[in-house]
Amino acid sequence: MAKNILENIIIQLLGDQPIRLFDYILSNSNVISSRNGLKKALRDKRVLLDGTPINGAEWAIDQQNIEILEEKATPPKEFKLGLKVLFEDEYLAVVYKPAGILVSGNQFKTIENALQYNLQPSDVIDAMPWPKPCHRLDAPTSGVLLIAKTRKARISLGQQFEDKTIKKKYHAVVMGKIEKEGDIKIPLDEKACHSSYSRISYIPSLRSEYLSIVELTPHTGRTHQLRRHMQSIGHPIVGDKEYGEEGNIIEGKGLFLSSVEISFIHPIYEERQTIKAPQPEKFEKLLLRETKMWNKYNND
């Protein structure tokens, strides 16, 4: 059994209504936020009442002491990939994810497996065995990625994602001359979906008449939402092998989509923080190259 105590809860009952320990813990714990998480902790005998493991069905009695113990976990094998750390403290971090690498999963070469190599261990009592990503970016997408280092941070940030109070911005190069700004509310997978865009710049292009750099804001979180939404209005993202069109792929350059900003409430300090990253250099290089080709073709 794990020995480190993650949390002590002294039962303080208000009123005469009886309550099961399962429900009391779920309402009062700072380190367990879901029914499944509590069920697993109970199965692993990591929840003690006055020193004795419980099953959660017992009735809560005032002033009894609940202890929640740390689970045993073996950190993954370290992937020694250097990442740019944009922000880090004891509770969370924001790193820059390179394009072409999965955030997590069964493969060895993932961002999650590289986090221990790049981040400092947390000394906070509810520190997780290893830091974990709070959300995903598609493998071909680069940009800012939010990481939790403690259980409280993971719970808080997860709730913020669920409440849609975390704001993200992306930059992309899309085919065609897109309108200056607009909203896309086309349902995806039979679910309501909302993205907005604003044009940053555009150039003439031999590839698709025009290319535009846009700022994209997802207001919902459907799979491949931005990629599918841009394709649905006739402006697919350059380099998108799944949702693009003929002439859309540039050999060896990947997808021209990057997360450039994330804004969230810090779980401990309760202040909004905004972390930014510049768009990839390949965006401007593509537009410069296309402009040169256009000028050369039209001046010959």
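Residues numbered from 1 in each chain as written. Predicted model: local features only at pLDDT ≥ 70, side-chain atom pairs only at ≥ 80, totals over all residues. Heavy atoms only, no water.

**Some points on the overall build of the chain**
No. 1: Regarding its fold elements, the chain presents six helices and 14 strands.
No. 2: Expressed as lengths along the three principal axes of its C-alpha atoms, the size of the chain is roughly 85 × 40 × 30 Å.
No. 3: The buried share of the chain, reckoned over its 300 residues, is 46%.
No. 4: In the chain, the proportion of contacts linking residues at least 24 apart, taken out of those at least 6 apart, comes to 64%.
No. 5: Accessible surface for the chain amounts to roughly 16,300 Å². Of this, 47% is attributable to carbon and sulfur atoms.
No. 6: Of the side chains in the chain, 42 bear a positive and 39 a negative charge, and the two mean positions are spaced by 5 Å. (Helix = DSSP H or I, 4+ residues; strand = E, 2+ residues; numbered from the N terminus. Buried < 20%, exposed > 50% of the residue type's maximum accessible area, 1.4 Å probe, protein only. Contact = heavy atoms within 4.5 Å. Areas by Shrake-Rupley, 256 points an atom, 1.4 Å probe, with all protein chains shown as cover. Lys, Arg positive; Asp, Glu negative; His and termini not counted. Charge placed at Lys NZ, Arg CZ, Asp CG, Glu CD.)

**Things to note about the pairing of strand E9 (residues 167-175)**
No. 1: Of all nine residues that make up E9, seven are buried, and the element is covered over most of its length.
No. 2: Alignment of E9 against strand E13 (residues 257-265), held across six bridges, turns out to be antiparallel. Paired with Ala172 across the two strands is Leu257, which belongs to E13.
No. 3: As judged from the six bridges shared by E9 and strand E12 (residues 209-218), these two strands associate in the antiparallel manner. Residue Tyr170 lies in a different strand from E12, and its bridge partner there is Leu216. (Pairing = 2+ DSSP bridges.)

**Considerations on the side chain of Gln64**
No. 1: Examined against the element boundaries, Gln64 turns out to sit in the loop between strand E3 (52-53) and strand E4 (65-69).
No. 2: Apart from the residues within four sequence positions on either side, Gln64 is in contact with Ile9, Ile10, Ile11, Leu49, Asp50 and Trp59.

**Considerations on helix H1 (residues 21-28)**
No. 1: Those residues of H1 that sit buried are Leu21, Phe22, Tyr24 and Ile25. The arc that holds the buried residues of H1, viewed along the axis, is 165 degrees, so those residues lie on one side.
No. 2: Tucked into the core, H1 has its buried residues touching strand E1 (5-10), helix H2 (35-43), strand E2 (47-49) and E4. (Arc of directions from axis to C-beta.)

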